[in-house]
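# Examining the three-dimensional arrangement
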Amino acid sequence: MRSSVAARIHLLITSVLVTSATACGVCVGLLLGGRLTAALAGGAAGLGAGIGAFLSRRHVFAYLRPEAPASPSAALSEPLAAPAPVPAPAAEPAAGPSHVRLPVPAGAAEAAGPQDPSVHADPSAPSAPSDRADATGGYAEGLADAVVVSIATYQAAAFPLTALGVSDEERAARRAFAYRVCAQEGLPPAVRVSAAAALEAVDQGVDAGRAHAAMKALSLTVYDHRGAR
């Protein structure tokens, strides 16, 4: 029954190939020479396709023949593989005295010199007063730089290069931002006084030279404050 199914499939394929080859040969013959040429070309093409299909029938049968399934008795006769042994979980090492962490300030570790490697500094320990002073000074310096930048942007809006270069809304927004930055806590007193003078000169919006001089004085005050530290 399997051979008959493969033979039917092969016959169907052969008929399709022969018909297609004959039709193509007839079309080519009509284009080249007429009815006689079409008949000869169609017959030659169909004959060639039929011969080729007949010669390749063994390969087609071998390809279409399904493989026989394995016998159930052979599968049952094979021995079952033994399960792989499960490795035992490794024991966790007990925590010894080498894992002890003591709260040691960051500055005290450097002053004490070499210590026992089992003792580590605790990040949660309070920092030294010098560290807090550096952090406060760095915040003041950054705030002073922000004051200079904000007033400079307000100055550029108050004295634009062209008459219609800056709108009233943008000028008001820059002014409000500059005043907001200058009102922050932590600003050094000298910088605050110089910033107030610069804002007053820019608010008048009349003398660009006075505003430029006030901004220059503010920049020098910020520089002197940074150098004093």
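Quick notes on the rules
- Residues numbered from 1 in each chain as written.
- Predicted model: local features only at pLDDT ≥ 70, side-chain atom pairs only at ≥ 80, totals over all residues.
- Heavy atoms only, no water.
- Helix = DSSP H or I, 4+ residues; strand = E, 2+ residues; numbered from the N terminus.
- Buried < 20%, exposed > 50% of the residue type's maximum accessible area, 1.4 Å probe, protein only.
- Contact = heavy atoms within 4.5 Å.
- Patch = residues over 30% accessible without salt bridge, like charges linked within 9 Å, V, L, I, M, F, W, Y side chains within 5 Å.
- Areas by Shrake-Rupley, 256 points an atom, 1.4 Å probe, with all protein chains shown as cover.
- Salt bridge = Lys/Arg side-chain N within 4 Å of Asp/Glu carboxyl O.
- Expected span 1.5 Å × (residues − 1).
- Arc of directions from axis to C-beta.
- Axes fitted to C-alpha atoms, helices over the stretch in contact; angles between N-to-C directions.
- Parallel < 35°, antiparallel > 145°, perpendicular 65-115°, else oblique.
- Left-handed = near helix turned anticlockwise from the far one by under 90°.
- Nonpolar A, V, L, I, M, F, W, Y, C, P; charged D, E, K, R; others polar.
- Disulfide = S-S within 2.5 Å.
- Core = buried A, V, L, I, M, F, W, Y, C linked by side-chain atoms within 4.5 Å.
- pLDDT = per-residue confidence, 0-100.

### Examining the side chain of S150
Note on placement: S150 falls in helix α6 (residues 129-158). For S150, a relative accessible area of 1% gives the class buried. Setting aside residues up to four positions removed in sequence, S150 forms contacts with F177, A178 and V181.

### Let's talk about a nonpolar patch on the surface
Side chains of V5, I9, I13 and L17 sit close together on the surface and give an oily, nonpolar patch of about 310 Å² of accessible area. As for its position among the elements, I9 is in helix α1 (residues 2-32). Classification of I9 by relative accessible area gives partly exposed; the value is 33%.

### Section: helix α2 (residues 35-55)
Taking 1.5 Å of rise per residue, the 21 residues of α2 would be expected to cover 30 Å, and the 30 Å separating its terminal C-alpha atoms lies within 8% of that figure. Taken as a whole, α2 has its buried residues at A38, G42, G46, A49 and A53. Relative to the axis of α2, the buried residues are bounded by an arc of 65° and lie together on one face. Facing away from the buried side of α2, by more than 90 degrees, are the exposed residues L36, L40, A44, L47 and L55.

### As for the pattern of salt bridges
Per the stated rule, a full pass over the model turns up four salt bridges. Among the salt bridges present, the one from D145 reaches R226, with a minimum N-O distance of 2.7 Å. On the criterion of sequence distance, the pair formed by D145 in helix α6 and R226 in helix α9 (residues 208-228) is long-range, its members being 81 residues apart. D145 sits in the partly exposed class, given a relative accessible area of 34%. For R174, the salt bridge is made with E170, and the minimal N-O distance between the two is 2.6 Å. Here E170 and R174 lie together in helix α7 (residues 168-182), a separation of four residues that amounts to about one turn. Residue E170 is classed as partly exposed on the basis of its relative accessible area of 32%.

### Regarding the packing of α7 against helix α8 (residues 189-204)
Contact geometry for α7 and α8: axes closest at 11 Å, N-to-C directions at 165°. By the angle between their directions, the pair α7 and α8 is classed as roughly antiparallel. Like other packed secondary-structure pairs, α7 and α8 cross with a definite hand, here left-handed. Two secondary-structure elements touch here, α7 through R175, A178, Y179 and C182 and α8 through R192, A195, L199 and D203. Partitioning the contact of α7 with α8 into residue classes produces five nonpolar, no polar and three charged.

### Details of the state of the cysteines
The tally for this structure, following the rule as stated, stands at zero disulfides. The thiol of C24 is unpaired, and the distance to the nearest cysteine sulfur, on C27, comes to 6.5 Å. Given a relative accessible area of 48%, C27 falls into the partly exposed group.

### With respect to the environment of G42
Secondary-structure assignment places G42 in helix α2. With 19 residues separating them in the primary sequence, G42 and A23 have C-alpha atoms 6.4 Å apart. When near neighbours in sequence (up to four residues on either side) are disregarded, G42 contacts T22, G25 and V26.

### Description of the environment of V193
Here V193 lies in helix α8. Along the backbone, V193 and T221 are 28 residues apart, and their C-alpha atoms lie at a distance of 9.7 Å.

### Focus: the nonpolar core
By size, the foremost hydrophobic cluster in this structure holds 22 residues, and its most contacted members are V147, I151 and L218. Considering each element in turn, this core owes the most residues, seven residues, to α6. With residues near it in sequence (within four places) discarded, L218 still touches V147, V148, I151, V191, S194, A195 and A198.

### Some details on the confidence of the model for the protein chain
With 66% of its residues at a pLDDT of at least 70, the protein chain reaches an overall mean of 76. Ignoring residues within four places in sequence, the model shows residues 95-100, a span with pLDDT below 50, making three contacts including any to other chains. Note on residues 108-112: pLDDT is under 50 here. Beyond four places in sequence and across chains, it has three contacts.

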